[in-house]
Amino acid sequence: MTQSNRLITVFNANDPTPTARALRNMSWQSAVVLIIGRKHYNKNQVENLKRLESWMKGTARYHVFETNEWPDKLWKKEWDWNPIRFTHVEFLELEDIFTSEIEFDHDDRIDLTSGAKEMAGELIRLVSMSNKSVMFSIQTRSGHSLNLSTGEFEANFDDLSARERIWLSAGYIIDYPGRGSRKLGETLKGVEKLEWKGEYPSGRISKSSAVGLNNELSKIEPNIDKMEKATGKKILLSNPDELKSGYWLEHVSAHLLATWPNVLQTYIGPRLIHPSIHDCLSVAFSTISFDRTAVRNFPNDLLQIPKSLKEKENQRKAQLEFIQDDAVNQKAVNWIARSIHAVEFDVLAVTNSNFIVAECKHMNCVDAAMLGRNFANAKAMFPTQSIPILIYSGCAAMNAYGVDLISWPQLSNPGIFELIKQGAVEEIRYPIEFPAEKADWKSANNQSNVAADLTLENKKKMLKTLLLSVRYSPMPFSPHFFEIAKNLHITRKGPKKLLMFIRVHLAAELNIEIRVNELSTNQWLVWNDD
Amino acid sequence: MFNVVLAVIGDSPGPSLALINSDISKKYVFFYTQEMTENATTMDDYLQALAPTSKVEFVAIPSMNEPEKIIQFAQKLVNNLSDDEHAAIFLTGGAKQVILPFYIHSPKLCSISLREGREHDSSSFLVVRQPDGIASQHITSIPLEQMLAIRGWATIAGANSPGLKKAGLEVGNVSVDISKRTGRLIFYAEAMSLESHGKVAKIEKNKHDHVLVAELITLSESFGRNGASYLIRGYLTRRIKNVKPYFIRTEDRFWEEE
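All residue numbers refer to positions counted from 1 along the written sequence of the respective chain. Chains carry letters and ligands carry numbers; both start at the beginning, A for chains and 1 for ligands, and go up in the order they are written. Reporting of local features is limited, given that this is a predicted model, to residues whose pLDDT is at least 70; pairs of side-chain atoms are given and counted only at 80 or more, and all residues count toward the totals for whole chains, interfaces and linings. Heavy atoms from the whole structure form the basis of all side-chain values; hydrogens and water molecules are not counted.

**Student:** Even after reading the chapter, I still don't get the overall build of chain A, so can you show me in this structure?
**Tutor:** Of regular secondary structure, chain A possesses 20 helices and 22 strands. In terms of overall dimensions, chain A has C-alpha extents of about 80 × 60 × 45 Å along its principal axes. Residue burial is assigned from relative accessible area. The probe radius is 1.4 Å, only protein chains are included, and a residue is buried under 20% of its type maximum, exposed over 50%, and partly exposed in between. Per-residue burial for chain A yields a buried fraction of 57% across its 530 residues. Contacts in chain A between residues at least 24 apart in sequence constitute 71% of all its contacts with a sequence separation of at least 6. For helices the rule is a DSSP run of H or I covering at least 4 residues; for strands it is a run of E covering at least 2, with both sets numbered from the N terminus onward. Contact definition: two residues touch when any of their heavy atoms are within 4.5 Å.

**Student:** How should I be thinking about the confidence of the model for chain A in this particular structure?
**Tutor:** Regions with low pLDDT carry predicted coordinates that are not meant to be interpreted in detail. pLDDT expresses how confident the predictor is about each individual residue, on a scale running from 0 to 100. For chain A, per-residue confidence averages 85 on the pLDDT scale, and 91% of positions sit at 70 or higher. Low pLDDT, under 50, characterises residues 437-452 of chain A; the stretch is placed with 27 contacts to residues that sit more than four places away or in other chains.

**Student:** Please explain the confidence of the model for chain B as it appears in this structure.
**Tutor:** Per-residue confidence for chain B gives a mean pLDDT of 83, with 88% of residues at or over 70. Across the interface, the model reports ipTM at 0.76; the global pTM reads 0.76.

**Student:** What am I meant to see in unusual backbone geometry here?
**Tutor:** Trans peptide bonds make up most of the peptide bonds, and negative phi angles are found at most residues other than glycine. All names here are of chain A. Of note in this structure, Arg204 is not a glycine but carries a positive phi near 55°. Looking at where Arg204 falls in the secondary structure, it is placed in the loop between β10 (193-196) and β11 (219-222). Notably, Leu217 is not glycine yet its phi reads approximately 50°, a positive angle. Mapped onto the secondary structure, Leu217 falls in the loop between β10 and β11.

**Student:** Got a minute to help me understand the interface of chain B and chain A in this structure?
**Tutor:** Frequently, the measure chosen for interface size is the accessible area removed from exposure when the parts meet. Counting residues at the interface gives 37 residues for chain B, matched by 40 residues for chain A. Carbon and sulfur atoms make up 59% of the surface buried where chain B meets chain A, a total of about 3,300 Å² over both sides. Every case where a carboxyl oxygen of Asp or Glu lies within 4 Å of a side-chain nitrogen of Lys or Arg is listed as a salt bridge. Across the contact surface, chain B and chain A share two salt bridges. The partner of Arg129(B) in a salt bridge is Glu122(A), with the nearest N and O atoms 3.8 Å apart. Pairing of N or O atoms within 3.5 Å defines a polar contact, subject to two protein rules: one partner must be a possible hydrogen donor and the other a possible acceptor, and residues neighboring in sequence count only if both atoms are side-chain atoms. If you look at where chain B meets chain A, you find ten residue pairs in polar contact (both at pLDDT 80 or more). Top contributing element to the side of chain B that touches chain A by residue count: helix α4 (residues 96-104) of chain B, with seven residues. As a working rule, the residues Ala, Val, Leu, Ile, Met, Phe, Trp, Tyr, Cys and Pro are called nonpolar, Asp, Glu, Lys and Arg charged, and the rest polar, with Gly in that last group. The residue inventory of the side of chain B that touches chain A, partitioned by class, reads 14 nonpolar, eleven polar and twelve charged. Here the buried area means the combined drop in accessible surface, using a 1.4 Å probe, for two parts upon being joined, counting both sides.

**Student:** Help me understand the sheet that holds strand β20 (residues 432-433) of chain A, please; the structure alone is not making it clear to me.
**Tutor:** Strand pairing within a sheet occurs via backbone hydrogen bonds; the two strands may be parallel or antiparallel. Residues and elements named next belong to chain A. Strand order in the open sheet formed by three strands is β11-β10-β20, and the pairing between neighbours is mixed. Taken across any chain shown, the strands that pair with only one partner, and hence form the sheet edges, are β11 and β20. Only when DSSP finds a minimum of two bridges between them are two strands counted as paired. Relative to β11, β10 runs antiparallel, the two being bridged by four bridges. When the sheet's bridge partners are listed, Lys193 is paired in β11 with Pro222.

**Student:** Teacher, can you tell me more about the packing of aromatic side chains here?
**Tutor:** How two aromatic rings sit relative to each other is given by the distance of their centres and the angle of their planes. Residues and elements named next belong to chain A. Centres within 6.5 Å are what make two rings of Phe, Tyr or Trp a pair, Trp counting through its six-membered ring; a difference in plane orientation under 30 degrees is then read as stacked, over 60 as edge-to-face, and the rest as tilted. Taken as a whole and assessed by the stated rule, the structure comprises 21 aromatic pairs over all chains. Ring centres of Phe285 and Phe322 lie 6.5 Å apart, and the angle between their planes is 70°; on these two criteria the pair is classed as edge-to-face. Here Phe322 lies in helix α11 (residues 309-324) and Phe285 lies in helix α9 (residues 277-288), a separation of 37 residues in the sequence. With a relative accessible area of 17%, Phe322 lands in the buried category.

**Student:** Please explain a negative patch on the surface as it appears in this structure.
**Tutor:** Taken together, the side chains of Glu101(A), Glu103(A), Asp105(A) and Asp107(A) present a region of like negative charge at the surface. Among the structural elements, Asp107(A) can be located in the loop between β3 (89-94) and β4 (109-111). For patch building, the residue pool is restricted to those with more than 30% relative accessible area and no salt bridge; the joining distance is 9 Å between like charges and 5 Å between nonpolar side chains (Val, Leu, Ile, Met, Phe, Trp, Tyr). The protein chains shown are the only cover counted for residues, whose accessible areas, like all others here, come from Shrake-Rupley with a 1.4 Å probe. All tallies of charge rest on Lys and Arg as positive and Asp and Glu as negative; His and the ends of each chain are not included. Taken as the charge location is NZ of Lys, CZ of Arg, CG of Asp or CD of Glu.

**Student:** Just to check I follow, could you spell out the side chain of Thr9(A) for this structure?
**Tutor:** Residue and element names in this part refer to chain A. Note that Thr9 resides in strand β1 (residues 4-10). Residue classification places Thr9 among the buried positions, given a relative accessible area of 1%. Residue contacts for Thr9: discarding those within four places in its chain leaves Thr19, Ala22, Val32, Val33, Leu34, Asp111 and Ser114.

**Student:** Is there a simple way to explain the sheet that holds strand β11 (residues 175-178) of chain B in this structure?
**Tutor:** Residues and elements named next belong to chain B. In space, the four strands of this open sheet follow the order β11-β12-β13-β14, with mixed pairing throughout. Whereas interior strands pair on both sides, the edge strands pair on one side only; in this sheet they are β11 and β14 (248-250). Here the average twist between neighbouring strands, direction ignored, is 30°. Of the strand pairs in this sheet, β11 and strand β12 (residues 185-190) are connected by four bridges, and their pairing is antiparallel. Residue pairing across strands places Asp177 opposite Ile186, the latter belonging to β12. Lines fitted to the C-alpha atoms define the axes, with helices restricted to the stretch that makes contact. Angles between their N-to-C directions range from 0 to 180 degrees. Contacts from helix α6 (residues 199-223) reach β12, β13 (229-233) and β14, with the element oriented near 170° to β13.

**Student:** Would you mind showing me how to read empty space enclosed by the protein here?
**Tutor:** In this approach a probe as big as a water molecule rolls over the atoms, and the regions it shows empty are the leftover space. In this analysis, the protein atoms alone were mapped onto a 1 Å grid. Cavities are point sets where a 1.4 Å probe fits without being able to get out; pockets are open sets with protein on both sides within 12 Å along at least five of seven lines; lining residues have an atom within 4 Å of a point. Grid points are joined across faces, edges and corners, and a volume is the space filled by probe spheres set on the points. For the coordinates displayed, the defined rule picks out three cavities of 30 Å³ or more. The class makeup of the residues in the lining of the largest cavity is seven nonpolar, eight polar and one charged.

**Student:** I keep staring at the packing of helix α17 (residues 456-472) of chain A against helix α18 (residues 477-487) of chain A and nothing clicks. Help me out?
**Tutor:** Each pair of packed helices can be summarised by the angle the axes make with each other and by the distance between the axes. Residue and element names in this part refer to chain A. Where α17 meets α18, the closest approach of the two axes is 11 Å, and the angle between their N-to-C directions is 150°. Where α17 crosses over α18, the handedness of that crossing is right-handed. Contacts between α17 and α18 involve Leu463, Leu466, Leu467 and Val470 from the former and Phe481, Ile484 and Ala485 from the latter. In terms of residue class, the contact of α17 with α18 is made up of seven nonpolar, no polar and no charged. It is the rotation of the near helix from the far one that decides the hand of a crossing: anticlockwise by less than a right angle makes it left-handed, clockwise makes it right-handed.

Pasting the structure below:
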């Protein structure tokens, strides 16, 4: 497309991604972003505008504090992206598009991706009245720039990266230990699958509440030997325990999803990190305080529960100074770096238009709570653009409670969502193998179950410490608080059980109340002595 | 009154109905992409049953995946219309990349947009904008039965009584109404009241309430998650709250958000 002197676009208040997409994909000497009705913006829309400004500068590092609070040792260079020429962008605030007097020039390009259709219509009418020759364009979901005047249709070779889109849509920085490989996925499609007969529904789920369970109570696994030979790689299966504990499923799922034609990128175990260093350190020090090995690397005063807001403020400063100190030992830095995330997913696949958020369960069935948690977590992070799925080792593929439950070999078919939508997908079955040759299912399911070993007193103590730390660094119960409790092995059950435990064992002692309707906000926990 | 209004069929049935019910034109031409064929067919069936000499015409246009062909089609079509002062383009229905090319190539036509009712004025109206920017309003209506029928649904025992059906499909526990504030459909169902705190009663309640969630999800597939409101009235156990999709709201939050 030809170089345009000026790009005009509208700020999309509910999600700045379309506006950013226009700024990134069009050629321009200068750009004007129309901010319409700003004084009526709600808090989220104001934050969205701020997020767009940070995106334009190529980093989320200074989003919360303009000074350089994030030390180099924690901030990874790959978390940044290419900035646009933000000094050439003008934000033009208009009360109302219908009463505005925008002056157009010949060769202006107006991108209509953002804003309501009525607004777009009004821009078209105003241009027509001005008798100027301008070009109208739109960014399509397939990743193209479409000239609405001529029908010229071009692929965007420098479109927003998955990291930029996650920043713009969700306001988090993504970090990930691994990515799915299309090549490995193609190889994995042909790998032999074994179906192992089971004795119980996995995870102590009762048969009546199990979803996706078959009569054989079986689980499907890949044939390890053949898989390794076929791929020429160990795929994290060098330790036989990994097959039992299920980490292989995250890798296999990510590789298979990477073969889908509309999937641009897949991430294994992605972590979403808040742009505020203070929020990140709060989460990190809370997590670290529960780890006996980790605490040895930190002074006690950074880990103790503060008794007042003032003490908390001082501790926050001390925590920041600690990590900013050049003399801090590398082990401490590593512990903090691995604990600063707000949420962690098993697999995230980014398509042209959506985020597929996958939870993986090496189980022969799941239950409603697992499906519901996955749904809630995905929608909390990506409210308008997420597709929550639950990948498991059972044999079925179905929609249950708003989530697509998919047997992992079914991921070989990129049309699986459509098949599920059309009706029941037939169970996939393989010749049954018997469990005598395999490790004990129960021990496999429970092997990392530290929660089972905790005494009631220890569990109470850990939970009390966690609750006290949340008092001064509030976070939503769902998903943040619950995820931390789970990662710390305080609970191995669902959120309902955890809330009941808090109510029964700690509510009176701490003088707290739980607001069940506010679990996804910071107001879920009320301290009566505040 | 216009001689013809050009419109595009989208996900939501409301805008198309509001346009037809306004009687603002002698004829309406609805374009539909390949992806909207099913919506166009159910709408055509419904309108044919209602009035066989319908003033509505349906025209298939290329797929959303071939936007350049849609633009060529629009350009050719509106070239023949540009001198017709009594034609207008309805902007509210359909995707931007489908409807906007029609207007870009004939900006001298009037544009029409739908404004749904709000708190102080529950009626929906069309805003007609002349090429010089002067706007006028035309009241319209979208009766509940029509909004259901255009997606193939009907009530079993009338509005506000539980039960809705579509060919081969029945949802027995859900009632429907129109929101006085937004003009949109509200599908609602009553959660089972908990007579005792015994385990059996709770299991029965959960089973019943699970069915409500499933029925509302079924309806959302016809009317869209954002195209209507979905509500469960009464107490829900945490188990159900954990699994219900975000767009199904409970009463305590519903009126705040509505």
